[in-house]
Amino acid sequence: MDAPAPQTTLGISIRLAQLDDAERIAQTQVAGWRNAYRGILDDATLQNLPLEEWTATWRGRLSSPRASGALCLVADDTRRGVVGFTHGGPSRPLANGLAATPFDAELYAIYLAEDLIGRGVGTRLTHALAGELVAHGWQALIVWALAENPFRRFYERLGGMRAYEQEITVYGQPLREVGYGWHDLRTLSAR
């Protein structure tokens, strides 16, 4: 897979993730969960998120990205290193096993350092991922967010329309998810 040309603004470039980014991606994801899911997931779960396991998972994903067709882009700060990431690829089945028709692509995750939330970095990451997904032939995108997640409005601001809702279980806790979709992924990548 060809790496996207790095995009640099305010000392932060967007680039394809590399294997040695795995630990920083996992750290960003753990911190993001603790920030976004405070009051949604119980405190003990959030405090005991398995950083080592998540790092190993990211090493696996980044060592063979072609296997799943997924892409991971990072926001790389010239001073701090990786400060955010987004991950996407082929859409996964709904909780009931059916396809998330007509969405052939999915944004699996996007997390940022807390001090960068609301500063445009997440938007840049999302647009860059959308552009890469379009370049790889995907046409429509879905992203899932916990219904109680205060940051899910981000997808609405980017033009995502509520497409699905489903019940899921996270660390033994039943939760509701909202799926936001873009029927034409090119509209998200062109912004």
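Residues numbered from 1 in each chain as written. Predicted model: local features only at pLDDT ≥ 70, side-chain atom pairs only at ≥ 80, totals over all residues. Heavy atoms only, no water.

(A) Highlighting the layout of surface pockets. The computed volume of the largest pocket comes to approximately 1,200 Å³. Considering the residues around the largest pocket, the lining is formed by 50 residues, among which Tyr37, Tyr108, Ala109, Ile110 and Tyr111 are closest to the centre. Residues belonging to the lining of the largest pocket are distributed by class as follows: 30 nonpolar, twelve polar and eight charged. (1 Å grid on protein atoms, 1.4 Å probe; cavity = no way out; pocket = protein on both sides within 12 Å on 5 of 7 lines; lining within 4 Å. Points joined across faces, edges and corners; volume = space filled by probe spheres on them. Nonpolar A, V, L, I, M, F, W, Y, C, P; charged D, E, K, R; others polar.)

(B) View of the pattern of salt bridges. Within the structure shown, the criterion is met by eleven salt bridges. Among the salt bridges present, the one from Arg176 reaches Glu167, with a minimum N-O distance of 2.2 Å. Several salt bridges share partner residues, and in doing so they unite Arg162, Glu165, Glu167 and Arg176 into one network. (Salt bridge = Lys/Arg side-chain N within 4 Å of Asp/Glu carboxyl O.)

(C) Spotlight on helix α1 (residues 22-36). Given a rise of 1.5 Å per residue, 15 residues ought to cover 21 Å, and the 21 Å separating the end C-alpha atoms of α1 matches this to within 8%. Taken together, the buried positions of α1 are Ala22, Ile25, Ala26, Thr28, Gln29, Val30, Gly32, Trp33, Asn35 and Ala36. Tucked inside the fold, the buried residues of α1 contact α2 (43-47), α3 (51-63), β3 (71-77), β4 (81-90), β5 (105-112) and β7 (161-170). (Helix = DSSP H or I, 4+ residues; strand = E, 2+ residues; numbered from the N terminus. Expected span 1.5 Å × (residues − 1). Buried < 20%, exposed > 50% of the residue type's maximum accessible area, 1.4 Å probe, protein only. Contact = heavy atoms within 4.5 Å.)

(D) Spatial organisation of helix α5 (residues 121-135). Compared with the 21 Å implied by 1.5 Å per residue over 15 residues, the 21 Å span of α5 between its first and last C-alpha is a close match. Counting buried positions over the 15 residues of α5 gives eleven, a clear majority of the element. The first or second residue beyond α5 is Gly137, which carries a positive phi of 100°.

(E) Representation of the packing of aromatic side chains. Under the defined criterion, the tally for this structure stands at nine aromatic pairs. When the centroid spacing of 6.1 Å and the interplanar angle of 80° are considered together, the rings of Trp33 and Tyr171 count as edge-to-face. Placement of the pair is Trp33 in helix α1 and Tyr171 in the loop between β7 and β8 (173-182), with a sequence separation of 138 residues. On the basis of relative accessibility, which here comes to 13%, the residue Trp33 falls in the buried class. Taken together, a centroid distance of 6.5 Å and an interplanar angle of 75° make the contact between Phe103 and Tyr164 edge-to-face. Of this pair, Phe103 sits in the loop between β4 and β5 while Tyr164 sits in strand β7, and the two are 61 residues apart along the sequence. Tyr164 gets classed as partly exposed once you look at its relative accessible area, which sits at 23%. Cation over ring: Arg61 sits above Trp58, and NZ or CZ is 4.5 Å from the ring centre. (Phe/Tyr/Trp six-rings, centres within 6.5 Å; stacked < 30°, edge-to-face > 60°. Lys NZ or Arg CZ within 6 Å of the ring centre and 35° of its normal.)

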